[in-house]
Amino acid sequence: MRAVGILLCLFTVLAVAAALRRGPWLDEFWTLWFAQHDLPLLELARQRWRVDFNPPLFSTLHWLLGLVGGDSLIGHRLFNLLPLAWAVAFGSVLLRWRPARATFVLVFAVLLFAWPASIDYFAEARSYFAQICLFFVLVAGGFALVDDADDLDWQRDRVPASMFLATVVLATNLHYIATLQALILLGPLTLLCLWRGQRRWATALLCALAAALLLLALYLAYHLQFLIPASKTYWVTSSVGKALLIFARAVWQCLAAAPLASALAGCALLLTLAARVHVRGLAGEAPIFERGFAEALRAPEARVPRLLLVIAAAAAFAAILLVTHVVRPLVTERYIVSFQVLIVGTIAALSANAIMSRRLLWSLLLVMALPAVLLHAYRAQQPQLWDASARLVRERVAACPGSVVHALVPAPASQPEAEVEVRYWAHAERARRLGFAVQPMAAGDSRAPTTADPCPTLLWVEHVRIKERPNGATAATMLERLQLDAGAVDLARAQVLAGETGYVLVLPARPASAPRTGP
């Protein structure tokens, strides 16, 4: 317990550091745009949230956060401390409520800390880290519920039950694809409670699901009129083969992030399948570090009912999403983070008893988790993304204050309705934070802008696909790609400055302008 607490503190400190240092990207500006206070809340929902592809809960929470912490990107990133605190609180309650499940909960928590996606998603203002925390609660609480033969007793179980049921409502209203995963997991869990005679638990779950789906249905009744037309220009265009690779890579990332637990989980699974019928041994109930290793492998923490529940839920989610992808591509790595939490939970459930059978294995798991957290934290804070180009612009403006900066948004063939507006707003917002101003370049402009002032004109282009980035191309080539007429631009003196996710075109002043001299 103490070691996991230390690891949690380390994870939190490093995750906050990554959130403070990492540069922003376009999706985070969508979060900020949806949470702005320049419009009344109802008008904000009517004008902006309707173009979102997610339920309004996440934007509502960030709008409320803005009332307290302002509209800074860092403040919205640190919102992720709230779902982290919720998951930690539930884990602590679960350890007291079901002490026999300590083995699984501790191993599950360590594996999630060491998983690269956890700290990576903490460092950005999107819903993915919240999904990780909420699905930790659903999987850990669901496993405990399957093991519990007793029905719900509100006097005894009110705290963990209330937290679990609240998580059901939150997890099904955070992201439409996470909603699908939550329903696939919670539906069979509810039926299992009914089949086992746990009628109060089943009733509580049905009420929570009904409340969650009612909220979702009320919003969808309004949102579908915008969602269906917008889906025709949705940005995901990958093939079914690519979607299969995304799922395969997602599973591999979970396995590779926990090699010790994955190896033990594989052995436990093979032994369980070889036995055909899983015998409920003493390994789960024996004190930690006082169970036999061989027995622990044969009697993994994942007894058949809940092992099948999670594996079937993950498989059904993947199957439904792949079938849907054939009609309307929507599979991308970020969207299946809840699926990956189920995979990590399965690994933890299969390996936990074996790991906890020997102090050496538990110590080894912790020793392996420590450098993993440090490495992932270092990587998470390195990308500067939009700031890499923005700082290039700021340096040029500082060197020649008369420089004119244009935010240029190439109009893609397909895009969400508000894409161009949000991109221009994002350029202006980031420029304001870094101390310079930008002018939007109208989409209909066909001539590259220049000025007779001694200072150059800067064209800032951001959120560019890898194949459309400069990669050593000349200014003439980049202007051609942007379908801009060079006009009076002296291409011999024009420059291309490459950032991480965008670039800056430096267009010199017209020849009649003399270069600036002096300080």
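Our subject in this report is the structure included herewith.

**Side note on the packing of aromatic side chains**
In step 1: Overall, the coordinates contain 20 aromatic pairs when judged by the stated rule.
In step 2: Here Trp 97 and Trp 201 contribute two aromatic rings whose centre-to-centre distance is 6.3 Å and whose plane-to-plane angle is 55°, an arrangement assigned as tilted. You can see Trp 97 sitting in helix α6 (residues 81-97) and its partner Trp 201 sitting in helix α12 (residues 199-231), a full 104 residues away along the chain.
In step 3: The buried category is assigned to Trp 97, whose relative accessible area is 14%.
In step 4: Its relative accessible area of 1% is what places Trp 201 among the buried residues.
In step 5: Between Phe 247 and Phe 339, the ring centres sit 5.1 Å apart and the planes meet at 90°, which makes this aromatic pair edge-to-face. Placement of Phe 247 in helix α13 (residues 240-256) and of Phe 339 in helix α17 (residues 337-355) is noted, with a sequence separation of 92 residues between them.
In step 6: On the basis of relative accessible area, Phe 247 is assigned to the buried category, the value being 6%.
In step 7: The exposure class of Phe 339 is buried, given its relative accessible area of 5%.
In step 8: Ring pairs connect the aromatic residues Phe 29, Trp 386, Trp 425, Phe 436 and Trp 460, which therefore count as one cluster.
In step 9: Stacked on the ring of Trp 97, the Lys or Arg Arg 98 has its end atom at 4.0 Å from the ring centre.

**Describing helix α11 (residues 176-195)**
In step 1: Taking 1.5 Å of rise per residue, 20 residues should cover 28 Å, and α11 covers 29 Å from first to last C-alpha, within 8% of that figure.
In step 2: Downstream of α11 by one or two residues, Gly 197 has phi in the positive range, about 85°.

**Some words on the environment of Tyr 222**
In step 1: Inspection of the secondary structure assignment puts Tyr 222 in helix α12.
In step 2: According to the relative accessible area criterion, Tyr 222 is partly exposed, its value standing at 28%.

**Focus: the environment of Phe 11**
In step 1: When you line up the elements, Phe 11 lands in helix α1 (residues 2-21).
In step 2: Residues Phe 11 and Ile 119, spaced 108 residues apart in sequence, show a C-alpha to C-alpha distance of 7.6 Å.
In step 3: Excluding residues within four positions of it along the chain, Phe 11 makes contact with Phe 113, Ser 118, Ile 119, Phe 129 and Val 373.

**Considerations on the sheet that holds strand β4 (residues 495-498)**
In step 1: Here 5 strands make up an open sheet; going across it, the order is β2-β1-β3-β5-β4 and the pairing mixed. Every other strand in the sheet has two partners, leaving β2 (439-440) and β4 as the edge strands with one partner each.
In step 2: The pairing of β4 with strand β5 (residues 503-507) spans 4 bridges and is classified as antiparallel. Paired with Ala 498 across the bridge in β5 is Tyr 503.
In step 3: With respect to the sheet, helix α20 (residues 419-434) is in contact with β1 (404-408), β2 and β3 (457-461), its orientation differing from that of β3 by roughly 120°.

**A look at the pairing of β5**
In step 1: For β5, the tally of buried residues reaches 5 of 5 residues, placing the bulk of the element in the interior.
In step 2: Across the two faces of β5 the burial is the same, with Tyr 503, Leu 505 and Leu 507 and Val 504 and Val 506 all buried.
In step 3: Counted along the chain from β4 to the antiparallel partner β5, the turn is 4 residues long.

**Thoughts on the state of the cysteines**
In step 1: Scanning the entire structure with this criterion turns up 1 disulfide.
In step 2: Linked covalently through their sulfurs, Cys 400 and Cys 455 form a disulfide whose S-S length is 1.7 Å. The sign of the -85° torsion about the S-S bond sets the Cys 400-Cys 455 disulfide as left-handed. With a gap of 55 residues between them, Cys 400 in the loop between α19 (386-399) and β1 and Cys 455 in the loop between β2 and β3 connect regions that are remote in the sequence.
In step 3: On the basis of relative accessibility, which here comes to 10%, the residue Cys 400 falls in the buried class.
In step 4: Given the relative accessible area of 0%, Cys 455 is considered buried.

**Quick word on α6**
In step 1: For α6, with 17 residues, the first-to-last C-alpha span of 24 Å sits near the 24 Å given by 1.5 Å per residue.
In step 2: Turning to α6, its buried residues are Pro 83, Leu 84, Ala 87, Phe 90, Gly 91, Val 93, Leu 94, Leu 95 and Trp 97.
In step 3: Looking at the buried residues of α6, the elements they touch are α1, α7 (102-114), α8 (116-122), α9 (128-147), α10 (154-171) and α12.

**Quick notes on a nonpolar patch on the surface**
In step 1: There is a patch of nonpolar side chains on the surface, built from Leu 61, Leu 64, Leu 67 and Val 68 and spanning about 380 Å² of accessible area.
In step 2: The residue Leu 61 is located in helix α4 (residues 57-69) in this model.
In step 3: Given the relative accessible area of 30%, Leu 61 is considered partly exposed.

**A closer look at unusual backbone geometry**
In step 1: For Leu 385, which is not glycine, the phi torsion reads 50° and is therefore positive.
In step 2: Locating Leu 385 in the fold gives a position in the loop between α18 (359-380) and α19.
In step 3: For Asn 471, which is not glycine, the phi torsion reads 50° and is therefore positive.
In step 4: Counting through the fold element by element, Asn 471 comes out in the loop between β3 and α21 (475-481).

What counts and how
Residues numbered from 1 in each chain as written. Predicted model: local features only at pLDDT ≥ 70, side-chain atom pairs only at ≥ 80, totals over all residues. Heavy atoms only, no water. Phe/Tyr/Trp six-rings, centres within 6.5 Å; stacked < 30°, edge-to-face > 60°. Helix = DSSP H or I, 4+ residues; strand = E, 2+ residues; numbered from the N terminus. Buried < 20%, exposed > 50% of the residue type's maximum accessible area, 1.4 Å probe, protein only. Lys NZ or Arg CZ within 6 Å of the ring centre and 35° of its normal. Expected span 1.5 Å × (residues − 1). Contact = heavy atoms within 4.5 Å. Pairing = 2+ DSSP bridges. Axes fitted to C-alpha atoms, helices over the stretch in contact; angles between N-to-C directions. Disulfide = S-S within 2.5 Å. Patch = residues over 30% accessible without salt bridge, like charges linked within 9 Å, V, L, I, M, F, W, Y side chains within 5 Å. Areas by Shrake-Rupley, 256 points an atom, 1.4 Å probe, with all protein chains shown as cover. Salt bridge = Lys/Arg side-chain N within 4 Å of Asp/Glu carboxyl O.

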